[in-house]
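Next come the chains, spelled out residue by residue.
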Amino acid sequence: MGWVTSFRPQARLERQVERFTVIGAADGESHVVLPTTAVVLGFQFLGRVQAEQQLLSPAGVPGLPAGPRTYSYRGSTGSVLVHFTTQGAATLGVPVDELTNASVSLDALLPRARVAEALERLQEAADDEARVGVVENVLLELPFARDRAVSLAIERLIRPDGPALVAAVARELGLSERQLERRFRARVGLTPKRFASLARFERAVSLANGTSTLAQVAAAAGYFDQSHLSRDFRRFGGGAPSRLRTG
């Protein structure tokens, strides 16, 4: 990557946005992105971005992929990425599972004129901080409220000592498993079971980039054993844990 700069959201956006990143890449560059538990919204202010064989919209959601996805860049490329919190993409006004495994242009979700205006202002912005400000202004216009039951379910499903069973979480919330799954998918885009698996995988990827052994990573991330971790790395990462380690 040519550059990657991260920005914290302003206080009024902290419930729905984890962080913003501004990234730049040279023509012909590519990189692999692993699946995550939260949706990302992208704005290209320079060049174009391609996901596998699909040219992405200048403003849109590339979806929650089932496995690793390769992004490549046409021309010198600059993008502002919105990394939503787990429920944050619900601010876009549609059930989040409609954004899973699908690339959706932002002007299919928000007024076309507003999206075009934001892209124009991004191209005119003087620096990365100003670009993030343009995107923040778009998000500040959108309503957002957490689903409390889904928030509580998330807490139970990301425990470092191992996620609670979905059936037990549903009982605790006074919901059937089907009711919990429907609400969870609408807010997060994933089933509770897949969310728990991906959250554990994300922890393992973070730990695998340190100095711990794979057995230590498995234990710290909440896996039963190292072979269980290896299965998830093949499932979500497209290869063995050793292939993804950078530390």
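Cut-offs used in this document
Residues numbered from 1 in each chain as written. Predicted model: local features only at pLDDT ≥ 70, side-chain atom pairs only at ≥ 80, totals over all residues. Heavy atoms only, no water. Helix = DSSP H or I, 4+ residues; strand = E, 2+ residues; numbered from the N terminus. Rg over C-alpha atoms; globule rule 2.2 N^0.38 Å. Contact = heavy atoms within 4.5 Å. Areas by Shrake-Rupley, 256 points an atom, 1.4 Å probe, with all protein chains shown as cover. Lys, Arg positive; Asp, Glu negative; His and termini not counted. Charge placed at Lys NZ, Arg CZ, Asp CG, Glu CD. Phe/Tyr/Trp six-rings, centres within 6.5 Å; stacked < 30°, edge-to-face > 60°. Buried < 20%, exposed > 50% of the residue type's maximum accessible area, 1.4 Å probe, protein only. Lys NZ or Arg CZ within 6 Å of the ring centre and 35° of its normal. Polar contact = N/O pair within 3.5 Å; in protein donor to acceptor, adjacent residues only side chain to side chain. pLDDT = per-residue confidence, 0-100. Salt bridge = Lys/Arg side-chain N within 4 Å of Asp/Glu carboxyl O. Expected span 1.5 Å × (residues − 1).

Caption draft 1: Geometry of the overall build of the chain. From N to C terminus, the chain includes nine helices and eight strands. A compact globule built from 247 residues would reach a C-alpha radius of gyration of about 18 Å, and the chain, at 19 Å, matches this within 12%. Seen through its principal axes, the chain has C-alpha atoms that stretch 50 × 40 × 30 Å. A separation threshold of at least 6 residues defines the contact pool for the chain, and within that pool the share at least 24 residues apart is 69%. Counting every atom, the chain has about 12000 Å² of accessible surface; 50% of that belongs to carbon and sulfur. For the chain, the separation between the mean place of its 30 positive charges and that of its 25 negative charges on side chains is 7 Å.

Caption draft 2: Structural detail: the packing of aromatic side chains. The full count for this structure, using the stated rule, is three aromatic pairs. Between Phe201 and Phe233, the ring centres sit 5.2 Å apart and the planes meet at 70°, which makes this aromatic pair edge-to-face. Remark: Phe233 occurs in helix H8 (residues 226-237) and Phe201 occurs in helix H6 (residues 192-208); sequence separation between them is 32 residues. One exposure class covers both Phe201 and Phe233, and it is buried. Grouping aromatic residues by their ring pairs yields a cluster made of Phe201, Phe233 and Phe236. The positively charged end of Arg131 is found above the aromatic ring belonging to Phe45, 4.3 Å away from the centroid.

Caption draft 3: View of helix H3 (residues 148-157). Within H3, the full set of buried residues consists of Ala149, Val150, Ser151, Ala153, Ile154 and Leu157. Between a side-chain oxygen at the N-terminus of H3 and the backbone nitrogen of Ala149 the separation is 3.0 Å; the capping residue is Asp147.

Caption draft 4: Quick peek at the environment of Arg182. Mapped onto the elements of the fold, Arg182 is located in helix H5 (residues 177-188). Judged by relative accessible area, which is 51%, Arg182 ranks as exposed. As for Arg182 and Pro95, which are separated by 87 residues in sequence, their C-alpha atoms are 9.9 Å apart.

Caption draft 5: Expanded view of the environment of Val104. Relative to the helices and strands, Val104 is located in strand E8 (residues 104-105). For the pair Val104 and Gly2, spaced 102 residues apart in sequence, the C-alpha separation works out to 26 Å.

Caption draft 6: Expanded view of the confidence of the model for the chain. Per-residue confidence for the chain averages 90 on the pLDDT scale, and 94% of its residues sit at or above 70. Helix H2 (residues 128-140) holds the highest mean pLDDT among the elements of the chain, 98, whereas helix H9 (residues 241-244) holds the lowest, 60.

Caption draft 7: A look at the pattern of salt bridges. Scanning all chains against the criterion turns up eleven salt bridges. Across the salt bridge formed by Glu141 and Arg114, the nearest N and O atoms sit 3.0 Å from each other. In this pair, Glu141 sits in the loop between H2 and H3 while Arg114 sits in helix H1 (residues 112-124), placing the two residues 27 residues apart along the sequence. Where Asp128 meets Arg131, a salt bridge forms, and the shortest distance between an N and an O atom there is 2.7 Å. Taken together, the residues Asp128 and Arg131, both in helix H2 and three residues apart, mark about one turn of the helix.

Caption draft 8: Inspection of H6 at higher detail. In this model H6 runs 24 Å from its N-terminal to its C-terminal C-alpha over 17 residues, within 8% of the 24 Å that 1.5 Å per residue would give. Turning to H6, its buried residues number three or more, namely Pro192, Phe195, Ala196, Ser197, Leu198, Ala199, Arg200, Phe201, Ala204, Val205 and Ala208. On its buried face, H6 is in contact with H3, helix H4 (166-173), H5, helix H7 (214-221) and H8.

Caption draft 9: Summary view of the environment of Ala218. Here Ala218 is to be found in helix H7. Remark: the alpha-carbon pair of Ala218 and His228, spanning ten residues in sequence, is separated by 7.9 Å.

Caption draft 10: Structural view of the side chain of Asp128. You can call Asp128 buried: its relative accessible area is 15%. Within the local environment of Asp128, its side chain forms a polar contact with the side chain of Arg131, the two groups lying 2.7 Å apart. Apart from the residues within four sequence positions on either side, Asp128 is in contact with Trp3, Thr5, Phe7 and Val22.

Caption draft 11: Structural view of unusual backbone geometry. Even without a glycine there, the phi angle at Glu52 is positive, about 55°. By the element assignment, Glu52 lies in the loop between strand E4 (40-51) and strand E5 (54-55). Note on Glu52: relative accessible area 38%, which makes it partly exposed.

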